[in-house]
Amino acid sequence: MSKRLLILFFGFFSPLVYAQQTVVTGSVKEVLSFEPIEGVLVAIERTNLKTLTDRLGEFMFSESVPLGEQILTISKTGYISKRFPIVVNEGQIVNITDMTLERVASETEDLFTITLSDDELNDDTSGADNISGLLASSLDIFQRTAAFEFSSSFFRIRGLDSNNSSILINGIEMNKAFNGRPQWSNWGGINDVLRNQELSFGLAPAGYTFGSVLGSTNVNVRASETLPGGRITYASSNRSYANRLMATYASGLLKSNWAYTISVGRRWGREGYQDATLYNSNSFFVSVEKKFNDRHSLNLTTIYTPNRRGKSSPNTQEVYDLKDTKYNEYWGWQDGAKRNSRIKEVNEPVIMLNHYWDLDSKTTLNTNMAYQFGKMGNSRLDYNGTDLINGFPQGGGANPSPTYYQKLPGYFERNFPNDLQFAYGALKAFQNDGQINWNAMYDANLSNVQNGGNAIYALYEDRVDDTQLTVNSILNKSLNDHMVLNASVGYKNLKSENFAEVLDLLGASTYLDIDGFATNIDEAQNDLLNPNRLVSEGDKFKYHYNVLVTELNAFAQAQLTYNKIDFYVSGNVKRTQYQREGIYQNGGFPDSSLGKGAPLPFTGFGSKAGATLKLTGKHLFNVNAGYISRAPSIQNTFSNSRENHNVVPDISEENIMSVDASYILRSPFVQAKFTGYYTKITDASEISFFFADGIGGDNAVFVQEILQGIDKKHLGVEIGVEAQVTSDIKLKGAAAVGQFTYDNNPNLYLSTEPDQESTDAGFVNGFKDFGQSKLKNYRLASGPQNACSVGFEYRDPEYWWFGATANFFSNTYIDVSPLTRSSNFNTDFDGNVFNDYDEALARALLKQERFDDYMVINLVGGKSWKVGKYYIGLFASINNLLDEIYKTGGFEQGRNANYRELRDDKALDIPVFGPKYWYGRGTTYFLNLNIRF
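Residue positions within a chain follow its written sequence, with the count starting from 1. This being a predicted model, a pLDDT of at least 70 is required before a residue's local features are given, and a value of 80 or more before pairs of side-chain atoms are given or counted; all residues contribute to the totals for chains, interfaces and linings. Only heavy atoms go into the side-chain values, all of them from the structure, while hydrogens and water stay out.

Undergrad: Help me understand the overall build of the chain, please; the structure alone is not making it clear to me.
TA: For the chain, the count of helices and strands is eleven helices and 48 strands. Burial here depends on accessible area, computed with a 1.4 Å probe over protein chains only, as a share of the maximum for the residue type. Under 20% is buried, over 50% is exposed, and the range in between is partly exposed. Taking all 933 residues of the chain together, the buried fraction comes to 55%. Across the chain, the fraction of contacts at a sequence separation of at least 24, relative to all contacts at a separation of at least 6, is 71%. All accessible-area figures derive from a Shrake-Rupley calculation using a 1.4 Å probe, and residue coverage is judged against the displayed protein chains alone. When the accessible surface of the chain is split by element, carbon and sulfur atoms take 54% of a total near 39,000 Å². His is not counted, nor are the chain ends, whereas Lys and Arg count as positive and Asp and Glu as negative. By convention, charge coordinates are those of NZ in Lys, CZ in Arg, CG in Asp, or CD in Glu. Of the side-chain charges in the chain, 86 are positive and 104 negative, and the distance between the mean point of each set is 8 Å. For helices the rule is a DSSP run of H or I covering at least 4 residues; for strands it is a run of E covering at least 2, with both sets numbered from the N terminus onward. Any two residues whose heavy atoms approach within 4.5 Å are treated as being in contact.

Structure below.
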């Protein structure tokens, strides 16, 4: 009734207001919900008249309106554009109310979601993951550009890892306690049900969680709020997989007040862009909701996405020069097929139960429970199988890696410079084959078995079997027309079981479960409770322990909205406790490996606040500031959790301080955002494992490197601009200019087995303090620190579109070795500086490598058809059109641990222990065909 009165009011009085004035006015709404859509671009074709709809979805043209027959176009990212013919008469009002836009034919959003969620986000090499896949759902031009154009170059927004963002599904956080990152594979292949996302970028407020410095994303998979209809999709690619087939159907809310969504999918391929990177993944999703009445609704969701994929190796430049950038050392031929020794398998189902309670018209309470279980395994080869000879282990095999340094020509050039036939022989052998020799390992095992021995070679996997229960409640209440209160409390309990499991003994039936590198038989025991144990396929061995985690958290936030200013204030507290429980009693650490270690409690606090000043509807200013204290991840808490309870010395909460400020321009012609930011991270810790030459002089030791008390500084600017130059053509550009550095000289410790070798290297009970590592002002290895994108997009009224971008990247740095920047670098075995130490040469040796700048051109396009009640969409993209070859990352090997070792190695034309690199992909394509009904 009120709506009709408004229309009558407008009809009677508008002629009086706009007498002698020509006006075109109207409103735009979403086709299914009939809710108004803000920010729709409304234009009159062949004119410069453009405007945006307001919060009520309304618009108006009242100046210089052309007369006669005209075409009115309405468009918005994420919707199908529409054209309406109108007739404009002088001095009259043309009123087109309730025009509708349909969201489901979102070509670009569809392509973003599919390519990124399935592809780049599954790659965990060097921890170079990011949050780009979910940022694609944002309407912010910079964030979408970072998602689609920058991600394949391992670009990290603001130089930060994805453990600085929170990913939630139905209000339940999915970040892993082990490293703080989301495990993207746990919901891969169900893209169609992940479209309903609420993104809060940076420190901006979210109604469901406090978030982190990179923000948060809540994916709503509630059945009643999933867009009704079905979709069948086929995709082909040469990136991570070759084929993908997916089918999804959502009922919407039925008359019986039930709703359901079902999605099944499969992705597969013998190999992706890199050699032998197999991909085999199935995806199952079911969500069922019952709406009991206007106040209560219950939703049950299950997600099951088992997947297996072959990993690819980083390599030295020597290896890439002998092969190419697709080369992968992890595989070899077996029975005429490529067999990859490094397989990652993730099988972790998730079950969620969500209760939605509308206490009144202004208050909602969402209570959630999730249970996740299953396994994650990473396979690899072991070549240290031994036999007991006179009560002591003897044996072991040669390193099966085809890139082992003693098999490459550079090694022979260094050690036999006067007899290059050895180097030439190694060169030819590697060029002609250069892969794992599976048959040789089988032959070695069978030969040893015939002589009464055990397996020398074995394929095993490092397993993590997590069982996690999460419970939380989220309250949202509108206190009045200006103020909204958000709050939540949560509890998490995790039991993480960690062990190694024998997968394949390669022709043998037993394997001796001891450490073949130990110096006495007691230290050699992986489990003193079961000495000299023989294991078979399917048995646990090497190490076995649990990590027990409990977490309690609470969050509260107030958001206030006024005509000229919006602001918020938010705070949280989180209590986290870790405890290691050893199942094996390790021979190297008999007193600190078995049973439960001491509990490790951490208390984190967070506070943030921000404001948006709305000078006009076109000009806005925004500022955010926050401080976050959080527990370190499990990965960076225990120094060697596989063998003992030991933790990082002086371990404490990590601290993050961040501030950003933005100017936002919103006009019918140009949408732009300019942001400056500063983030400081303090008291962080990092742990790595490697074999080092030159410890305490000339000793070679396998070590755990502990970097403690790390400070990092991230500062930079972000720019995103879109210009709608015509109704069909849009120009767009984005840029990120950053400087991400170590901001102090953190403490460096090494730990190892407490044996004679480590004692000779100056270790005391397997531990040594090296003081500070001189890392201040070295660049962080966080992908390109500068990135720029320029491009255009053409959208034809006949529902086809095309776009192209040129993307420029610079300031990509290698990950430096902290050990070579410590006192160990210039110290001989006697504790004095090397007598031949040259400070100028040392400075040159320690200079951080910067990779070459590069440019990548990407193309994207698509076409949509409506055939009866069916919508057909064809979308395609080509990345790196010009097949540019470029490095995306890399790391210095810690093997050259001192001045002499590094000097002698770098003096060679081909360093034996040169850095290892990752290269970007060459030209790749993605093709997607879907039918919606």
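This is not the end of the story, as more comes after the structure.
Undergrad: Whenever I open this one, the packing of aromatic side chains confuses me. Can you help?
TA: The relation between two aromatic rings is expressed through the spacing of the ring centres and the mutual angle of the planes. Between the rings of Phe, Tyr and Trp (Trp by its six-membered ring), a pair exists once the centres lie within 6.5 Å; its type follows the angle of the planes, with under 30 degrees stacked, over 60 edge-to-face, and the other angles tilted. Applying the stated criterion across every chain yields a total of 35 aromatic pairs. Judged by centre distance (5.1 Å) and plane angle (65°), the ring pair of Phe150 and Phe155 falls under edge-to-face. Comparing Phe150 with Phe155, the two get one shared label, buried. On the basis of an interplanar angle of 80° and a centroid distance of 5.4 Å, the ring pair of Trp331 and Trp333 is categorised as edge-to-face. Accessibility expressed as a relative area gives 45% for Trp333, which makes it partly exposed.

Undergrad: How do you make sense of the side chain of Thr53 when you look at a structure like this?
TA: Looking at the element boundaries, Thr53 is found in the loop between strand 3 (50–52) and strand 4 (58–61). Looking at Thr53, its side chain comes within polar contact range of the main-chain oxygen of Ile37, at 2.8 Å. Of the polar contacts made by the side chain of Thr53, one reaches the backbone nitrogen of Val40; its length is 2.9 Å. Setting aside residues no more than four positions away along its own chain, Thr53 makes contact with Val28, Ile37, Glu38, Gly39, Val40, Val42, Glu58 and Phe59. Any pair of N or O atoms that falls within 3.5 Å is considered a polar contact. Within protein, one atom must be able to donate a hydrogen and the other to accept it, and sequence-neighbouring residues count only if both atoms are side-chain atoms.

Undergrad: Is there a simple way to think about the sheet that holds strand 2 (residues 41–44) in this case?
TA: As summarised here, the arrangement of the four strands in space is 3-2-5-6, forming an open sheet in which the pairing is antiparallel. Two strands close off the open sheet at either side, each with one partner strand: strand 3 and strand 6 (82–88). Recorded for the sheet is a direction-independent mean angle of 25° between the axes of neighbouring strands. Strand pairing is assigned whenever DSSP identifies at least 2 bridges connecting the two strands. Angular values range over 0 to 180 degrees, each being the angle between N-to-C directions of two axes fitted as lines to C-alpha atoms, with helices fitted over their stretch in contact.

Undergrad: Help me out: how do you make sense of the confidence of the model for the chain in this one?
TA: Across the chain, the average pLDDT comes to 89, with 93% of residues at 70 or higher. pLDDT gives the predictor's per-residue confidence on a scale running from 0 to 100. Counting interchain partners and residues more than four positions distant, the pLDDT-below-50 stretch residues 120–135 has 60 contacts.

Undergrad: For this particular structure, what's the right way to read the pairing of strand 11 (residues 215–219)?
TA: Two faces belong to every sheet, and in a regular strand the side chains alternate between them. Across the five residues of strand 11, five count as buried, placing the element largely inside the fold. Because side chains alternate across strand 11, one face comprises the buried residues Gly215, Thr217 and Val219, and the other comprises Ser216 and Asn218, equally buried. Note: strand 8 (residues 166–169) against strand 11, four bridges, orientation parallel. Pairing of Ile167 across the sheet is with Thr217, part of strand 11. Pairing between strand 10 (residues 197–201) and strand 11: five bridges, direction antiparallel.

Undergrad: I tried to follow the pairing of strand 8 on my own but got confused; where do I start?
TA: Of the two faces of strand 8, both are covered, the one formed by Ser166 and Leu168 as well as the one formed by Ile167 and Ile169. The antiparallel hairpin formed by strand 8 and strand 9 (residues 172–173) contains two residues in its connecting segment, where Asn170 sits at a positive phi of about 50°.

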